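Commentary on secondary and tertiary structure
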Amino acid sequence: MDEARNDQNDLIIGRNAVFEAIKSGREIDRLFVQRGEQNPAVKRLISMAREKGAVIKEVDSKKLDFMCGGGVHQGVALSAAAHEYSTVEDILNKAAEKNEKPFIIICDGVEDTHNLGAVIRTADAAGAHGVIIPKRRAVGLTSTVAKVSAGALNYTPVARVTNLSRTIDELKDKGMWFVCGDMGGELMYDL
């Protein structure tokens, strides 16, 4: 994952540092583990990270060395969120506080940090109450995302959910309508 290298400030490396980050309750995205690692301490970290909902990704030793910029990683690196995630309920509450109908941007599969930052910046400029992203197969809130958002991340809550389809169904049950964008779709002005 290139964003892990580009955002190495967000990487916590080494068994003790990773243990303390997980134990502290800090929001974590991914635990990178050296392929074939059998150390009991690392297995414990994997278990702890899974309990916190982190994605576990095995990588070869050269990739982990590269990601950690040559730092002593002891077979593990943790990608931590650069900004705290909100909940879908927080986003809905923000709309309610403004006495407005919820306007939410939902992103599926955005893997480039620059693209997510731009979406958050655009959502803020358009008056969206928040952004929803999936927990897996998408980039999280890294320092590059924060930088590219040009400060909008401080004003636009981002919720990370396990299942986008279920979240959409729950929002539909609350009376929300959806418009989806697709590169091969119709022009929005024709709808």
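Residues numbered from 1 in each chain as written. Predicted model: local features only at pLDDT ≥ 70, side-chain atom pairs only at ≥ 80, totals over all residues. Heavy atoms only, no water.

Another point: helix 3 (residues 40-51). Its twelve residues place the ends of helix 3 17 Å apart at the C-alpha level, agreeing with the 16 Å of an ideal helix rising 1.5 Å per residue. Taken as a whole, helix 3 has its buried residues at Val 42, Leu 45, Ile 46, Met 48 and Ala 49. Seen from one end, helix 3 has its buried residues packed into an arc of 165°, which puts them on one side. Structural note: helix 3 exposes Pro 40, Arg 50 and Glu 51 on the side pointing more than 90 degrees away from its buried face. Contact partners of the buried residues in helix 3: helix 2 (15-23), strand 2 (28-34), strand 3 (55-59) and strand 4 (76-80). Between the side-chain oxygen at the start of helix 3 and the backbone nitrogen of Ala 41 there is a gap of 2.7 Å, and the oxygen is on Asn 39. Looking one or two residues past helix 3, Gly 53 carries a phi angle of roughly 85°, positive in sign. (Helix = DSSP H or I, 4+ residues; strand = E, 2+ residues; numbered from the N terminus. Expected span 1.5 Å × (residues − 1). Buried < 20%, exposed > 50% of the residue type's maximum accessible area, 1.4 Å probe, protein only. Arc of directions from axis to C-beta. Contact = heavy atoms within 4.5 Å. Polar contact = N/O pair within 3.5 Å; in protein donor to acceptor, adjacent residues only side chain to side chain.)

Strand order across the open sheet formed by four strands is 1-4-2-3, with mixed pairing between neighbours. Each edge of the open sheet is held by one strand with a lone partner, namely strand 1 (11-13) and strand 3. Direction aside, the axes of adjacent strands within the sheet are offset by 25° on average. Across three bridges, the pairing between strand 1 and strand 4 is antiparallel. By the bridge assignment for strand 4, Ile 12 is matched with Leu 78. Along the sheet, helix 2 contacts strand 1, strand 2 and strand 4; its crossing angle with strand 4, the most-contacted strand, is approximately 35°. (Pairing = 2+ DSSP bridges. Axes fitted to C-alpha atoms, helices over the stretch in contact; angles between N-to-C directions.)

What is shown is where atoms sit, not what they do.
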